[in-house]
2 protein chains.
Amino acid sequence: MGSERKKILYVVGIGPGKTSGMTGEALAALRESDVIAGYPVYLELLPEEIRGKEQIATGMTREMERCRLALQAAAAGRTVSLVCSGDAGVYGMAGPVLSLAGEYPEVEISVIPGVTAATAGASVLGAPLMHDFAVISMSDRLTPFEVIEKRLRLAAESDFVIVLYNPESRGRAGYLKKACDILLEKLPPDRAAGYVRQIGREGETAWVGHLSELREQAVDMFTTVYIGNSTTYISGARMVTERGYVSHAKQ
Amino acid sequence: MGSERKKILYVVGIGPGKTSGMTGEALAALRESDVIAGYPVYLELLPEEIRGKEQIATGMTREMERCRLALQAAAAGRTVSLVCSGDAGVYGMAGPVLSLAGEYPEVEISVIPGVTAATAGASVLGAPLMHDFAVISMSDRLTPFEVIEKRLRLAAESDFVIVLYNPESRGRAGYLKKACDILLEKLPPDRAAGYVRQIGREGETAWVGHLSELREQAVDMFTTVYIGNSTTYISGARMVTERGYVSHAKQ
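Bear in mind that the values here come from a model prediction, so they are computed numbers and not experimental data.

## Section: the packing of helix 7 (residues 145–157) of chain A against helix 7 (residues 145–157) of chain B
- Contact geometry for helix 7 of chain A and helix 7 of chain B: axes closest at 9 Å, N-to-C directions at 180 degrees. Relative to helix 7 of chain B, the element helix 7 of chain A is oriented roughly antiparallel. Here K150, L154 and E157 of chain A of helix 7 of chain A lie close against helix 7 of chain B, whose contacting residues are K150, L154 and E157 of chain B.
- Across the contact of helix 7 of chain A with helix 7 of chain B, the residue classes tally to two nonpolar, no polar and four charged.

## Concerning the environment of S169 of chain A
Residue and element names in this part refer to chain A.
- Looking at where S169 falls in the secondary structure, it is placed in the loop between strand 8 (161–165) and helix 8 (175–184).
- Here S169 falls in the partly exposed class, since its relative accessible area comes to 22%.
- When the C-alpha positions of S169 and S139 are compared, they lie 8.5 Å apart, and in sequence the two are 30 residues distant.

## Description of the pattern of salt bridges
- Under the counting rule described, the total for this entry stands at 38 salt bridges over all chains.
- When the shortest N-O distance is used, the salt bridge between E185 of chain A and R153 of chain A registers 2.3 Å. Note that E185 of chain A is positioned in the loop between helix 8 and strand 9 (192–197) and R153 of chain A in helix 7, a separation of 32 residues in sequence.
- A residue is classified by how much of its surface remains accessible, and R153 of chain A, at 25% relative accessible area, is partly exposed.
- Several salt bridges converge on common partners, so that one network encompasses D132, D159 and R191 of chain A together with R151 of chain B.

## So, the sheet that holds strand 13 (residues 238–240) of chain A
All names here are of chain A.
- Reading across the sheet, the three strands line up as 6-13-12 and stay open at both edges, with mixed pairing between neighbours. Across the chains shown, the open sheet's two edge strands, defined by having one partner strand only, are strand 6 (126–127) and strand 12 (233–235).
- Where strand 6 meets strand 13, two bridges bridge the pair, whose relative direction is parallel. Bridge assignment links A127 to a residue of strand 13, and that residue is V240.

## Quick word on the side chain of R172 of chain B
Residues and elements named next belong to chain B.
- Mapped onto the fold, R172 is located in the loop between strand 8 (161–165) and helix 8 (175–184).
- One buried charged residue, R172, forms no salt bridge at all, with the nearest opposite charge on D140 at 4.4 Å.
- Here P167 takes part through its backbone oxygen, which lies 3.5 Å from a polar atom of the side chain of R172.

## Looking at helix 1 (residues 24–32) of chain B
Residues and elements named next belong to chain B.
- Among the residues making up helix 1, those that are buried are A26, L27, A29 and L30. All buried residues of helix 1 project into a common sector of 160 degrees when viewed along the axis, lining one side.
- As for helix 1, its buried residues are in contact with strand 1 (7–13), strand 2 (35–38), helix 3 (48–51), strand 4 (80–84) and strand 5 (107–112).

## Describing the sheet that holds strand 2 (residues 35–38) of chain A
Residues and elements named next belong to chain A.
- The sheet built from five strands is open, its strands ordered 3-2-4-1-5 with parallel pairing. Each of the sheet's edge strands pairs with one partner strand only, and the pair in question is strand 3 (54–57) and strand 5 (107–112). Averaged over all neighbouring strand pairs, the angle between strand axes comes to 20 degrees, with direction disregarded.
- In the sheet, strand 2 pairs with strand 3 via four bridges, with the strands oriented parallel. Each bridged residue has a counterpart across the sheet, and for G38 the counterpart in strand 3 is A57.
- Its contacts with the sheet place helix 4 (residues 63–75) against strand 1 (7–13), strand 2, strand 3, strand 4 (80–84) and strand 5, and it is angled at close to 140 degrees to strand 1.

## Here we look at the environment of R215 of chain B
Residue and element names in this part refer to chain B.
- One can find R215 in the loop between helix 9 (211–214) and strand 11 (223–227).
- Among the residues examined, R215 registers a relative accessible area of 21% and is labelled partly exposed.
- Sequence separation between R215 and K177 is 38 residues, and the spatial gap between their C-alpha atoms is 4.6 Å.
- Setting aside chain neighbours within four positions, we find R215 in contact with K177, C180, D181 and L184.
- A distance of 2.7 Å separates a polar atom in the side chain of R215 from a polar atom in the side chain of D181.

Criteria and cut-off values
- Residues numbered from 1 in each chain as written.
- Chains lettered and ligands numbered in written order.
- Predicted model: local features only at pLDDT ≥ 70, side-chain atom pairs only at ≥ 80, totals over all residues.
- Heavy atoms only, no water.
- Axes fitted to C-alpha atoms, helices over the stretch in contact; angles between N-to-C directions.
- Helix = DSSP H or I, 4+ residues; strand = E, 2+ residues; numbered from the N terminus.
- Parallel < 35°, antiparallel > 145°, perpendicular 65-115°, else oblique.
- Contact = heavy atoms within 4.5 Å.
- Nonpolar A, V, L, I, M, F, W, Y, C, P; charged D, E, K, R; others polar.
- Buried < 20%, exposed > 50% of the residue type's maximum accessible area, 1.4 Å probe, protein only.
- Salt bridge = Lys/Arg side-chain N within 4 Å of Asp/Glu carboxyl O.
- Pairing = 2+ DSSP bridges.
- Lys, Arg positive; Asp, Glu negative; His and termini not counted.
- Polar contact = N/O pair within 3.5 Å; in protein donor to acceptor, adjacent residues only side chain to side chain.
- Arc of directions from axis to C-beta.

And the structure:
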């Protein structure tokens, strides 16, 4: 019996924070699992019943090690969930795990999507993502800064709504200012902008204002930043983008 | 008492299809509601207990009317959920509702995010969204085609992973082929690509292959299309993008 049991690794996006932001499918996978793997900060966000399970926790930069440990535990017959904040497939662990899949052919890998920070933060601000958008990470750990810079320029030229993940960290102070200065070469200073920090978590904060003011804001790796397109407007504390370039009145 | 009751309109993203893809928060809002508003096709995806409630259903193109009816019902004291497929803030109803908010100041509008098709479909294909990406709708109902064309070109030049929403419809036959031909001006024919149809619903189908083959595929408005960046690879039936431009071996 034991050897015939399916060997499963779930790669689970738990949404941005609170348990109620998790899908039923994600919660079911966590409940079914014997072992929970993940970055310690994310494991702390899980409900009590899940946190009590056996854990595989490694530091943030030891991601490939965490993936291997999770795959090894699954190969040994444990049902394992590897937990990611937001969606497992957006800058998450789904890619690294799948890159190792060939070494563990006996393990069935199932990626379970979650609400990503881009859309969760958007719901806090109003509706900034009503039209085409580009998601750009400001982290240059694995990406040359010139690539990030080029994407910012072309995204502005494309009139995309722009979402910045991981805008700054302790090692990357001043990156939001750099991003804003690049964008301000193409975009007007009064372009609508906003951010949400600690989305769906204790101490959630949100801000909306103009792009020229955004560059003065203090943000960190738990902040998601939005720069509107040419139709985005601020109404009270909300940031809303039109659904197209034709007035609603014409519908 | 009645006049002091909070007047609430939830704008709810129910995820791509199956009930287990809905967040706990979304399900709670639907349960709390007296009235459910939405496009009939999406209302049919809801669990039995929710479908039994009073409904406001209008056709797909009568969206502003649906928003007004939902706001009016909320203003009259009913708790209302306006349902959107995927995320309410991505090409959804959050924007139109908020654009009318000023006319119904007594109604508290709460946008509840959901898993959007981009990340739900990505989880079916593997992990195509591991790096920066652009989401583009092929619908030219409210957007001039020249804007769409420009975005496709610049997204390819930016080496974004590209996600196409609503690639074709009965009235827009041949649009995927047009998009591929524009992208093929910049991208190699063997660029990794894929699509998922009816994500999380009865009859879900997925395909991965090369960009040159993508242009021959039959898709519809219920299909989400992916075109990889320069690091995206196909492994078996999966489409995976690297997390950066530095080999994993260096981590």
